[in-house]
Amino acid sequence: MSRSESLLTEDGTASVPPSCLSPAFTPPATTPGTPVLGAAKGVPIEEGATATRHPKLLKELPEVNCIVRARIPTTTGTEIFLHLYQNSIDNKEHLAIVFGNTIRSTSLDAPRPGESEMDRMIRGAYTGRLFPGRTTSRYDDSPAISRPASAASNHHPTSTPLTTAARNSAPLVRIHSECYTGETAWSARCDCGEQLDEAARLMALDPAGGVVVYLRQEGRGIGLGEKLKAYNLQDLGNDTVQANLILRHPADARSYGLATAILKDLGLRDIRLLTNNPDKIAAVEGPGRECKVVERVPMIPLAWKNMKGGVTGKEVGEYLRTKITQMGHLLSMPAGTE
Ligand SMILES: Nc1nc2c(ncn2[C@@H]2O[C@H](COP(=O)(O)OP(=O)(O)OP(=O)(O)O)[C@@H](O)[C@H]2O)c(=O)[nH]1
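Note that the coordinates shown come from a computational prediction; the quantities given were computed from them, not determined experimentally. (Residues numbered from 1 in each chain as written. Predicted model: local features only at pLDDT ≥ 70, side-chain atom pairs only at ≥ 80, totals over all residues.)

**Section: the overall build of the chain**
Heads up, the condition is: Numbering of helices and strands runs from the N terminus; a helix is a DSSP stretch of H or I covering at least four residues, while a strand is a stretch of E covering at least two. Counting other C-beta atoms within 10 Å of a residue's own tells you its class, since 20 or more makes it buried, 12 or fewer makes it exposed, and anything in between is partly exposed; those C-beta atoms are placed from the backbone.
Scanning the chain from N- to C-terminus turns up 10 helices and eight strands. By residue count, 38% of the 338 residues in the chain fall in the buried class.

Here is the structure:
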């Protein structure tokens, strides 16, 4: 008997107490990917096209509106700009963490009726840097500060035919789904915290800058409470996919339309996407190909590269194995761990 069968009856229903089950099946917004083997580092997406599948795309993008932006000096010394978004499909505060000072939000910068210069600065719609006594949101009106070369333009990469140079200048993007346990509660069940840190490290180093789109789809979209139930089912012998299914959730309940809309608002069309997830690559390009993933940059677990800071242990090993064997993630287990 397999481990999942131990909790499923003959007709496939769960033998866990009904009170533990979610009230209704949640239809999948995206479905798990088809297993694909052996993607190389930095594969241009055109060459790796067979490595992707095409989840159902939204008919149209949701509306997004950046309502505030602020500079965050970080503990690593890198400055980031945190952008907070509202949208037309849920009430959650999705975020864009922007590295570099050339990437700007169109909706944030748009003038609002009746607002003062102080209003604009308070909501972050200023150029350059704020300083005590600044009176205007506009750069050129402010003789006290000089204009750094890197901020010379607020315009964004255009979609010219891609040369290697253009591809190299496309910004790095990570579409990251919330993981309270991995990012805040030091969980070693997954590598989510490590992935967020690694994405930030790479973006801080990249002259083209980068964006982490941080989507509030905790637990692959099932929410924290349900994810914690799934953890208990994992401790009872199920893998991460089986645990979701026993709880009557899809293996992956996420969607990426909001990410596409946020990237569009930030003026990013050609992007280099940090991911191993083929569904994400296909979905983020949007219904009208609003974005183009010109390169997939793999996220190899740090421990597999013998780098410091990697999450290790039995649980994360199983988590990664399930992603590869059941969700089609473009990773190969290191020799000796298959
Ligand atoms: N249901 C469930 N969700 C989990 C579990 N462990 C982590 N997650 C969630 O999985 C999501 C991780 O997503 P991402 O970091 O975007 O990564 P991914 O889609 O797996 O693919 P990559 O881009 O390759 O990292 C987050 O929402 C986590 O909360 C688990 O055991 N069960």
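**Some words on the environment of Ser-332**
Inspection of the secondary structure puts Ser-332 in the segment after helix H10 (314-327). Among the residues examined, Ser-332 registers 14 C-beta atoms within 10 Å and is labelled partly exposed. Sequence separation between Ser-332 and Arg-321 is 11 residues; the distance between their C-alpha atoms is 8.9 Å.

**A look at the UniProt feature "domain: GTP cyclohydrolase II" (unreviewed entry) in the chain**
Rules: UniProt positions are given in the numbering used here, feature names are shortened, and annotations may be inferred rather than shown by experiment.
Under the UniProt annotation, "domain: GTP cyclohydrolase II" (unreviewed entry) lies at residues 170-298. As a span, residues 170-298 carries 41% helix and 18% strand, and end to end its C-alpha atoms are 16 Å apart.

**Remarks on the environment of Gly-317**
In this structure, Gly-317 sits in helix H10. A sequence separation of 129 residues divides Gly-317 from Ala-188, and the C-alpha atoms of the two residues are 9.6 Å apart.

**Things to note about the site of the ligand**
To be explicit about the condition: What makes a residue near a molecule or strand is its C-beta atom, placed from the backbone, lying within 6 Å of it. Under this grouping Gly is polar, as are all residues other than the nonpolar Ala, Val, Leu, Ile, Met, Phe, Trp, Tyr, Cys and Pro and the charged Asp, Glu, Lys and Arg.
In the region of the ligand, 24 residues are neighbours, and Ser-177, Cys-179, Thr-275, Asn-276 and Asn-277 sit closest. Partitioned by chemical class, the residues of the shell around the ligand number six nonpolar, 11 polar and seven charged.

**Let's talk about the confidence of the model for the chain**
How we decide: Each residue carries a pLDDT score, the predictor's own confidence in it, on a scale running from 0 to 100. Our contact criterion uses C-beta atoms placed from the backbone: two residues qualify when those atoms are within 7 Å.
Taken residue by residue, the chain gives an average pLDDT of 81. The fraction at 70 or more is 74%. Contacts of residues 1-14 to residues separated by more than four positions or lying in other chains number 18 contacts, the stretch itself having pLDDT below 50. Low pLDDT, under 50, characterises residues 25-56; the predicted model gives this stretch 68 contacts beyond four residues in sequence or across chains. Interface confidence in the predicted complex, given as ipTM, is 0.97; pTM for the same model is 0.81.

**Considerations on helix H8 (residues 257-265)**
Judged by how many residues are buried, H8 sits mostly within the fold: eight of nine residues are covered. Gly-257, Leu-258, Ala-259, Thr-260, Ala-261, Ile-262, Leu-263 and Asp-265 are the residues of H8 that are buried. A positive backbone phi angle near 75° is found at Gly-267, which sits one or two residues after H8.

**Here we look at the pairing of strand E4 (residues 94-99)**
The side chains of a regular strand alternate between both faces of the sheet. Here is the rule: Only when DSSP finds a minimum of two bridges between them are two strands counted as paired.
Burial of E4 is extensive: five of the six residues sit out of reach of the surface. Bridge count between strand E3 (residues 79-87) and E4: six bridges; the pairing is antiparallel. Residue pairing across strands places Tyr-85 opposite His-94, the latter belonging to E4. Between E3 and E4, which pair antiparallel one after the other, the connecting turn spans six residues. Sheet topology places E4 next to strand E6 (residues 210-215); five bridges connect them, and they run antiparallel. Note that in E6 the partner of Phe-99 across the bridge is Gly-210.

**Digging into the environment of Lys-292**
By the element assignment, Lys-292 lies in strand E8 (residues 292-297). In the structure, Lys-292 is positioned 23 residues away from Arg-269 in sequence and 5.8 Å away in space, judged by C-alpha atoms.

**Quick word on H10**
Keep this limit in mind: What a helix should span is 1.5 Å times the count of its residues minus one.
Spanning 14 residues, H10 covers 19 Å between terminal C-alpha atoms, matching the ideal 20 Å at 1.5 Å per step. Backbone geometry just after H10 places Gly-328 at a positive phi near 70°.

**Focus: the pairing of strand E7 (residues 270-274)**
Where we set the bar: A clockwise path from the first strand over the helix to the second, with the strands pointing away from the viewer, defines a right-handed crossover.
Within E7, five of the five residues are buried, leaving the element largely enclosed by the surrounding structure. Where strand E5 (residues 172-177) lies against E7, two bridges are found, and the strand directions are parallel. Considered in E7, the bridge of Val-173 is made with Leu-273. Between the parallel pair E7 and E8, the chain is carried across by helix H9 (residues 278-284), and the sense of this crossover is right-handed.

**Brief notes about unusual backbone geometry**
Within the chain, Trp-186 stands out as a residue other than glycine whose phi angle is a positive 55°. Along the chain, the position of Trp-186 falls in the loop between helix H4 (180-183) and helix H5 (192-205). Although it is not a glycine, Arg-248 adopts a positive phi angle of roughly 65°. Its location among the elements puts Arg-248 in the loop between helix H7 (240-246) and H8.

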